[in-house]
Amino acid sequence: MFHVGSARSVLFNYVFAKNQGGTFVLRIEDTDTERNQPEWTEGIMKAIRWLGCDWDEGPYFQSERADLYKAAADRIMSRGQAYFCDCSRDALVARTGNQQVGYDGFCRDRGLQGGPGQALRFRVPDSGSTTVVDLIRGTPTFELSTIEDFVIVRSNGEAMFLLANVADDIDMRISHVVRGEEHLPNTPKAQLLWQALTDLPLPIWAHVPVLVNEKRQKLSKRRDKVALEQFRDEGFVMPAMRNYLMTLGWAPRGEHEIVPFETIIEQFQLSDVNSAPAFFDIKKLSAFNGDYIRAMSPVDFEVACEPWLDPAWDRDVFRQMVPLIQTRLVTLAEVPALVGFVFAMPVIDDSAWTKAMSADWVPGFYIDVLSAFSAMTNAQWDAESLKSTIENIGTEHDQKLGKAQAPVRVAVTGSTVGPPLFEALVVLGRDEVLARMTAAGERLANT
RNA sequence: GCCCCCAUCGUCCAGCGGCCUAGGACAUCGCCCUUUCAAGGCGGUAACACGGGUUCGAAUCCCGUUGGGGGUGCCA
């Protein structure tokens, strides 16, 4: 499961790196070995590739870099900026009587020597402040007195992600860190660690706003639809998703939001990114998707449809339907419903039948159409002839074409809506059309 | 509670002190086109949260209020 919010962050990183001529590094932050599942990593990389954001360097796995983190912890320890602690959460709460307060520094000067059950905490200075340089948010400043002594190495010896990230950022010479806004409160801690580990200048940060739902809460996989894979499986195409995600918090210059990815890369500036949370609007995504589908070449469109087609369907027949359906889609998943009638007669929808067949002019009109169709030679079986045939018979029954085509459409396609009728009749062929008309005629006679 | 962030149409963006009687996109409404449904064309409704400053002049700068959001884990 790859969260669309993560996808957006990846995209911003990628586009920024490309715009700057920089190197996009993929690092898998799998320090929590108890919870990590190997298949997650596979899914992450697959999703990033699907987005077209191939990395220039990596992937690096934090789970394989424990030595680096150990060395970093030792260095901080040797500088006296960390201490061991064996306080449990419960003990802390019991001491302070407050569920929401940070660590109270109980073990600061107990001189614990480390060992099972003891975590390593960073000794945050009691006074002073640290200022984060953020391309999107300016320079938020944090008072050190409000930051607790946080854990950097778990009691099982594993580094926490904060330590691992800083050690890696230094080791990998990371210049810019682009990530979700939810990490902003971690940043002063990261800077403290950074300065304890190296004299190298701090990285430049960019905290992109979170994506929210219609209730303006951060998108969560528990209550919201957020899986990139799910959108893909529901027929959203990558360029549409990519373009849409880029318009959340940012927009290309000018009057158009739908622009080539190259243009986005060319124009993107982190300093232009908005800092307010953005609503992930599936309706707007859908509009982008329809637009991208319409813009495809017929061949590309056919290829894109393939996963949604029944293997038994004749691809040559489908190809004839392509120009009739391409403007009628929001997602590719709608393709089967639109063309299915060509390959097999669907069950006629009851309300469609009633709607199209209940008028008193229908039976007579219907018989005329049936006989006209049977009379048509193969040479006349083309969209224009079929159209004027229906049109003329309709006129005889005092009906406009819009009304007159309805009974035929329902008889042949099972629905009142669908691709252009006469073109579809041509694809179906005279025999098949007549067979369906006859079947419908029998049903008409019996009701 | 504490820390931090944010605030332009219903939504996403544009706007970086005068070009704003605030522009575009999605959504919505109407008209046109039309073989259904779409697509397409044309047009409409719709916003600077509030209160104080600063300034000749503020959507744009400052302060406050209100309202949202994020964080507050030996998760990332």
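Each chain has its residues counted from 1, running along the sequence as written. For naming, the first written chain is A and the first written ligand is 1, with later ones following in the order written. Residues qualify for local features only when their pLDDT is at least 70, as the model is predicted, and side-chain atom pairs are given and counted only at 80 or more; totals for whole chains, interfaces and linings, by contrast, use all residues. As a rule here, side-chain values come from all non-hydrogen atoms in the structure, and water together with hydrogens is ignored.

A. Structural view of the overall build of chain A. Secondary structure follows DSSP: runs of H or I at least 4 residues long count as helices, runs of E at least 2 residues long count as strands, and numbering of each begins at the N terminus. Secondary structure assignment for chain A yields 19 helices and 11 strands. With the C-alpha coordinates aligned to their principal axes, the bounding extent of chain A is approximately 100 × 45 × 35 Å. Expressed as a percentage of the 447 residues in chain A, the buried residues total 48%. Values of accessible area rely on a 1.4 Å probe in the Shrake-Rupley scheme; residue burial ignores everything except the protein chains shown. Approximately 22,200 Å² of chain A is accessible, and the part contributed by carbon and sulfur atoms is 51%. Only protein chains enter the accessibility calculation, which uses a 1.4 Å probe; a residue is then buried when its area is under 20% of its type maximum, exposed when over 50%, and partly exposed in between.

B. Expanded view of unusual backbone geometry. Between Gly58 and Pro59 the backbone carries a cis peptide bond, its omega angle lying at 5°. For Arg173, which is not glycine, the phi torsion reads 55° and is therefore positive. Within the secondary structure, Arg173 is located in the loop between helix H5 (161-171) and strand E8 (176-180). What makes Arg173 exposed here is its relative accessible area of 63%. Here the phi dihedral of Arg216 falls at roughly 65°; this positive angle occurs in a residue that is not glycine.

C. Highlighting the pairing of strand E3 (residues 82-85). The alternating pattern of E3 places Ala82 and Phe84 and Tyr83 and Cys85 on opposite faces, both of which are buried. Any two strands between which DSSP finds at least two bridges are classified as paired. When E3 meets strand E4 (residues 119-122), the two strands line up antiparallel, connected through 4 bridges. Bridge assignment links Phe84 to a residue of E4, and that residue is Leu120.

D. Expanded view of the packing of helix H15 (residues 362-375) against helix H16 (residues 383-396). For the pair H15 and H16, the least separation of the axes is 10 Å and the interaxial angle reads 150°. One finds that H15 runs roughly antiparallel with respect to H16. In this structure, the crossing between H15 and H16 has a hand that is right-handed. For the pair H15 and H16, the contacting residues are Phe365, Asp368, Val369, Ala372 and Phe373 in the first and Leu386, Thr389, Ile390, Ile393, Gly394 and Glu396 in the second. Amino acid classes used here: Ala, Val, Leu, Ile, Met, Phe, Trp, Tyr, Cys and Pro are nonpolar; Asp, Glu, Lys and Arg are charged; the rest, including Gly, are polar. Broken down by class, the residue content of the contact of H15 with H16 amounts to 7 nonpolar, 2 polar and 2 charged. Every angle, taken between N-to-C directions, lies between 0 and 180 degrees, and every axis is a line fitted to C-alpha atoms, over only the stretch in contact when it is a helix. Any angle that is under 35 degrees is reported as roughly parallel, and any over 145 degrees as roughly antiparallel; angles of 65 to 115 degrees are reported as roughly perpendicular and all others as oblique. Crossing handedness follows the turn of the near helix against the far one: under a right angle anticlockwise gives a left-handed crossing, and clockwise gives a right-handed one. Contacts are assigned to residue pairs that have any heavy atoms within 4.5 Å of one another.

E. Just the sheet that holds strand E7 (residues 151-153), in detail. What the 3 strands build is an open sheet, ordered E3-E4-E7; its pairing is antiparallel. Each edge of the open sheet is held by one strand with a lone partner, namely E3 and E7. Within the sheet, the average angular offset between the axes of one strand and its neighbour, ignoring direction, is 45°. The pairing of E4 with E7 spans 2 bridges and is antiparallel. Counted as the bridge partner of Leu120 is Val153 from E7.

F. Representation of the nonpolar core in the model. Only buried Ala, Val, Leu, Ile, Met, Phe, Trp, Tyr and Cys residues count toward a nonpolar core, and they belong to the same one when joined by side-chain atoms within 4.5 Å. Of all hydrophobic cores here, the largest spans 102 residues; its most connected members are Phe280, Phe373, Val408 and Leu425. Sorting elements by how many residues they give to this core places helix H1 (residues 4-20) first, with 9 residues. When near neighbours in sequence (up to four residues on either side) are disregarded, Val408 contacts Phe365, Val369, Phe373, Ile390, Leu421, Leu425 and Met437.

G. Representation of helix H2 (residues 38-50) in the model. Look at H2: 19 Å from first C-alpha to last across 13 residues, which is about the 18 Å you get at 1.5 Å a residue. Where H2 is buried, its residues meet H1, strand E1 (25-28), strand E2 (57-61) and helix H7 (228-233). In this analysis, the expected span of each helix is defined as 1.5 Å times one less than the number of residues it contains.

H. Fine view of the protein's contact with RNA strand B. For this description, a residue counts as near a given molecule or strand if any of its non-hydrogen atoms is within 4 Å of it. With respect to spatial proximity, 63 residues lie near RNA strand B, and among them Arg137, Arg154, Ala251, Glu255 and Arg328 are the closest. Within 4 Å of the protein, the contacting atoms of RNA strand B are drawn from sugar and phosphate to the extent of 67%. Contacts to RNA strand B include Arg137, whose side-chain N or O atom sits 2.3 Å from a sugar or linking oxygen. Every element with two or more residues in the surface near RNA strand B is listed here: E4, strand E6 (141-143), strand E11 (278-279), helix H10 (282-295), helix H17 (401-413) and helix H18 (421-428). Along the lines of polarity and charge, the residues of the surface near RNA strand B split into 24 nonpolar, 17 polar and 22 charged. Here a polar contact is taken to be a pair of N or O atoms separated by no more than 3.5 Å, where protein atoms must pair a possible hydrogen donor with a possible acceptor and residues adjacent in sequence count only if both atoms sit in side chains.

I. A look at the packing of aromatic side chains. Here a Phe, Tyr or Trp ring, Trp counted by its six-membered ring, pairs with any other such ring whose centre lies within 6.5 Å, and the pair is stacked when the planes are under 30 degrees apart, edge-to-face when over 60, and tilted otherwise. Counted under the stated rule, the structure contains 12 aromatic pairs. Aromatic side chains Phe122 and Phe150 sit 5.4 Å apart centroid to centroid with 25° between the ring planes, which places their arrangement in the stacked category. With Phe122 in strand E4 and Phe150 in the loop between E6 and E7, this pair connects stretches of sequence that are 28 residues apart. Owing to a relative accessible area of 1%, Phe122 belongs among the buried residues under this scheme.

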